[in-house]
Amino acid sequence: MTALAHDVRVGRVFARACAAEWTRLWTVRATWWFLAAAAVTMVGIATIAGLEAASNPIRRRAGRRGRRRPSPVCRVSSRCSRSPSPR
């Protein structure tokens, strides 16, 4: 490395980079158009996802609620961890 590289401090480079980006943000018109387009796209996707989720609720059959399928071991074994259901 050259002696010039050691003289420049990281904080000063970061401050200059931030100043350059701040100037670019306020002077380039396309930046605001892209930010506005990104915001509109984000709201649109969220709206579509919300409407899709609201129109397709998860439906369960009343008879299957809360029951679990017994494991293969439970079906074969005489000692099942579940108590038999009354009929």
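My aim in this report is to walk through the structure given alongside it, one point at a time. (Residues numbered from 1 in each chain as written. Predicted model: local features only at pLDDT ≥ 70, side-chain atom pairs only at ≥ 80, totals over all residues. Heavy atoms only, no water.)

### A few points about the packing of aromatic side chains
Point 1. One pass over the full model with this rule turns up 2 aromatic pairs.
Point 2. Centroid distance Trp26 to Trp32: 5.5 Å. Interplanar angle 55°. Geometry classified as tilted.
Point 3. Overall, Trp32 belongs to the partly exposed group, its relative accessible area being 40%.
Point 4. What links up through ring pairs into an aromatic cluster is the set Trp22, Trp26 and Trp32. (Phe/Tyr/Trp six-rings, centres within 6.5 Å; stacked < 30°, edge-to-face > 60°. Buried < 20%, exposed > 50% of the residue type's maximum accessible area, 1.4 Å probe, protein only.)

### Description of the pattern of salt bridges
Point 1. Applying the stated criterion to the full structure yields 1 salt bridge.
Point 2. Glu21 serves as the salt-bridge partner of Arg24, at 2.8 Å between the closest nitrogen and oxygen. Pair noted here: Arg24 and Glu21 are both in helix 2 (residues 10-27), with a separation of 3 residues, about one helical turn.
Point 3. For Glu21, a relative accessible area of 44% puts it in the partly exposed group. (Salt bridge = Lys/Arg side-chain N within 4 Å of Asp/Glu carboxyl O. Helix = DSSP H or I, 4+ residues; strand = E, 2+ residues; numbered from the N terminus.)

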